[in-house]
Amino acid sequence: MMVVEEERSMEEGLLKLKNLNDTSDCRITACVILSTFVAVCGSFSFGVAVGYTSGAEIGIMQDMGLSIAEFSAFGSFCTLGAAVGALFSGKMAIMLGRRGTMWVSNILCITGWLSIAFAKDVLWLDFGRISSGIGIGLISYVVPVYIAEITPKHVRGTFTFSNQLLQNAGVSMVYFCGNFLDWRMMALLGALPCVIQAIGLFFVPESPRWLAKVGTEKELENSLLRLRGRDADISHEASEIQLMTRMVESDSKSSFSDLFQRKYRHTLVVGIGLMLIQQFSGSAAVISYASTIFRKAGFSVAIGSTMLGLFMIPKAMIGLILVDKWGRRPLLLTSACGMTITSMLLGLAFALQKMQLLPELTPVFTFICVTLYIATYAIGVGGLPWVIMSEIFPINIKVTAGSLVTLASWSSSSIVTYAFNFLFEWSTQGTFYIFGAIGGGALLFIWLLVPETKGLSLEEIQISLTGQPDEISHM
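Nothing here was measured: the structure is a model prediction, and the numbers come from that model.

1. Some words on the overall build of the protein chain
Then, number 1: Helices and strands together make up the secondary structure of the protein chain, namely 20 helices and 0 strands.
Then, number 2: Considering only contacts within the protein chain whose residues lie at least 6 apart along the sequence, 84% involve residues at least 24 apart.
Then, number 3: Carbon together with sulfur atoms contributes 70% to the accessible area of the protein chain, which is approximately 18100 Å² in total.

This is the structure:
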């Protein structure tokens, strides 16, 4: 009888939550915009780190006397460090809060960028790359989670996708500035957004969901008032957050083995699967070594990098605009389809080059395909896995699941980043055929398994995925 009463109470609580959700304040305040901007400053440094090897390759290899193997290792150390950061990202976000975790990431990233900028030998280069990588591993988890937790549901996808927009801005800066700035100066520019974020964090509120979890009710209300406006009625939303936190409190310290229960299997497969698709479809390799691809195709590296730099931000804006209009699934399917086609076309371009057919068209055709590949990547597969990751996991598995998914992303990225140069030497066309085949498998995965979360509150998403009211949460 007690179990029945408890279940009835939980169901009644859910009905109350739905009613509260429908009447909650949905205004976009200046504080929400400022908080999002401060958070995505870290994403800008993330983008600089990802694209850095493309813009700095020639300068570093010449100045430091690096071999291809040493430079490949330098490039992959960032993703290796990010994998280490991913292991601790979820736990740190719970212990220190979202803002505290971003501060730690700033210290690591600034230390790493300064080490690269003033490096005298390869040891300092690698140390700096690993240090900034660990910081980026923390950023990649905490930024989308923080943004998802502070924004109203009707714009949650758009605001969370701004994480991808600023990553693209960072990559764009490296591509553009790499033509006329020294690699040491670019490293200093990579540290600048981290400094801005470290200062800006003093002026933005902590996540109300985290404040509810640690039991500071007054701070929760103050945070919501800052985010929703001083004249807003935050009682409904505060009650919703507190009720959801109480509903999952008994499960909030679940063990790692709980991730593999049947009720969480779908969310875990979706989260990890999307991250593996994001990396093994070749994105990290194409973005990190765009200059290598242009050089191999016979296209001007300076022109190609400049054009890509100018193109990066506008094409990311497409995803930002469409994510809360089209939805997650249509954008993911469109993105994966585009990446598959352009990868196959890149393979064809290099096959024609090898056979010495249409030699005057191959360089331009390669540039167009690389541009279209990055464009289609940016509108979906580039940012939406992080958006979906921030939405689908209940609070009782949020720490372990989020860390595991982030680890999967950076571990696979490290493999792709390190192996690309060797694959490219083995077979230029074969490398892109492999990426295209993985993209084809991605289409099937997204079609069959990935849920649509557009316009749903976080608790509604949890109900649809787990089917049990006591497992839902606001992260």
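2. Quick notes on helix α15 (residues 328–354)
Then, number 1: Between its first and last C-alpha atoms α15 spans 39 Å; for 27 residues at 1.5 Å apiece the expected length is 39 Å, and the two agree.
Then, number 2: Downstream of α15 by one or two residues, Gln356 has phi in the positive range, about 60 degrees.

3. Section: the pattern of salt bridges
Then, number 1: Applying the stated criterion across every chain yields a total of 1 salt bridge.
Then, number 2: The shortest N-O distance in the salt bridge between Glu149 and Arg98 comes to 2.7 Å. Here Glu149 is found in helix α5 (residues 122–150), whereas its partner Arg98 is found in helix α4 (residues 97–117), with 51 residues between them in sequence.

4. Some remarks on the side chain of Thr292
Then, number 1: Mapped onto the fold, Thr292 is located in helix α13 (residues 290–297).
Then, number 2: The exposure class of Thr292 is buried, given its relative accessible area of 11%.
Then, number 3: Ignoring anything within four residues of it in the chain, the contact list for Thr292 reads Glu57, Asn421 and Phe424.

5. Observations concerning the packing of α15 against helix α17 (residues 384–392)
Then, number 1: Their axes nearest at 11 Å, the elements α15 and α17 cross at an angle of 150 degrees. On the basis of their axis angle, the class for α15 and α17 is roughly antiparallel. Once α15 is placed against α17, the crossing between them reads as left-handed. Facing α15, whose interface residues are Arg328, Leu331 and Leu332, α17 presents Leu384, Pro385, Val387, Ile388 and Glu391.
Then, number 2: Residues that form the contact of α15 with α17 fall into these classes: 6 nonpolar, no polar and 2 charged.

6. Looking at the nonpolar core
A general feature of soluble globular proteins is that nonpolar side chains tend to end up buried together.
Then, number 1: Counting residues in each nonpolar core, the largest one holds 105 residues, and the members touching the most others are Tyr52, Ile60, Trp113 and Leu125.
Then, number 2: Counting residues per element, this core draws most heavily on helix α2 (residues 30–64), at 13 residues.
Then, number 3: Both domains that furnish three or more residues to this core are identified here as domain 1 (29–204) and domain 2 (257–465).
Then, number 4: In contact with Tyr52, not counting residues within four places along its chain, are Ile60, Phe74, Trp113, Ile116, Arg129, Val174, Trp183, Arg184, Met186 and Ala187.
Then, number 5: Judged by nonpolar contacts, the second largest core, of 9 residues, contains Leu211, Ala212, Leu224 and Ala232.

7. Some details on the packing of aromatic side chains
Then, number 1: A complete count under the given rule lists 18 aromatic pairs for this structure.
Then, number 2: Pairing Phe176 with Phe180 gives two aromatic rings, centres 5.8 Å apart and planes at 85 degrees, and the pair type is edge-to-face.
Then, number 3: On the basis of relative accessible area, Phe180 is assigned to the exposed category, the value being 53%.
Then, number 4: Consider the rings of Phe350 and Phe432, whose centres lie 5.9 Å apart with planes at 5 degrees: the pair is stacked. Here Phe350 is found in helix α15, whereas its partner Phe432 is found in helix α19 (residues 428–449), with 82 residues between them in sequence. The burial state of Phe350 is the same as that of Phe432; both residues are buried.
Then, number 5: Put simply, the rings of Tyr52, Phe71, Phe74, Trp113, Tyr289, Phe350, Phe420, Phe424, Phe432 and Phe435 pair up and form one aromatic cluster.
Then, number 6: Above the ring of Phe74, the side-chain terminus of Arg129 is found at 5.1 Å from the ring centroid.
Then, number 7: One cation-aromatic arrangement involves Arg329 over Trp447; the distance from NZ or CZ to the ring centre is 5.5 Å.

8. Section: α13
Then, number 1: Within α13, 6 of the 8 residues are buried, which leaves it mostly tucked inside the rest of the structure.
Then, number 2: Within two residues after α13, Gly298 carries a phi angle of roughly 85 degrees, on the positive side.

9. A word on the state of the cysteines
Then, number 1: According to the stated counting rule, one finds 0 disulfides in the structure shown.
Then, number 2: Cys194 takes part in no disulfide bond, and the closest cysteine sulfur to it belongs to Cys109, at a distance of 4.3 Å.

10. Things to note about the side chain of Arg209
Then, number 1: In this fold, Arg209 is placed in helix α8 (residues 208–213).
Then, number 2: In terms of polar contacts, Arg209 uses its side chain to reach the backbone carbonyl oxygen of Glu149, at 2.4 Å.

11. Here's the deal with unusual backbone geometry
Then, number 1: One non-glycine residue, Gln356, adopts positive backbone phi at about 60 degrees.
Then, number 2: Following the sequence through the fold, Gln356 ends up in the loop between α15 and α16 (362–379).
Then, number 3: Exposure remark for Gln356: the relative accessible area of 68% places this residue in the exposed category.

Thresholds, definitions, all that
Residues numbered from 1 in each chain as written. Predicted model: local features only at pLDDT ≥ 70, side-chain atom pairs only at ≥ 80, totals over all residues. Heavy atoms only, no water. Helix = DSSP H or I, 4+ residues; strand = E, 2+ residues; numbered from the N terminus. Contact = heavy atoms within 4.5 Å. Areas by Shrake-Rupley, 256 points an atom, 1.4 Å probe, with all protein chains shown as cover. Expected span 1.5 Å × (residues − 1). Salt bridge = Lys/Arg side-chain N within 4 Å of Asp/Glu carboxyl O. Buried < 20%, exposed > 50% of the residue type's maximum accessible area, 1.4 Å probe, protein only. Axes fitted to C-alpha atoms, helices over the stretch in contact; angles between N-to-C directions. Parallel < 35°, antiparallel > 145°, perpendicular 65-115°, else oblique. Left-handed = near helix turned anticlockwise from the far one by under 90°. Nonpolar A, V, L, I, M, F, W, Y, C, P; charged D, E, K, R; others polar. Core = buried A, V, L, I, M, F, W, Y, C linked by side-chain atoms within 4.5 Å. Domains from an automatic or database assignment. Phe/Tyr/Trp six-rings, centres within 6.5 Å; stacked < 30°, edge-to-face > 60°. Lys NZ or Arg CZ within 6 Å of the ring centre and 35° of its normal. Disulfide = S-S within 2.5 Å. Polar contact = N/O pair within 3.5 Å; in protein donor to acceptor, adjacent residues only side chain to side chain.

Read these as layout, nothing more, since geometry by itself doesn't imply function.
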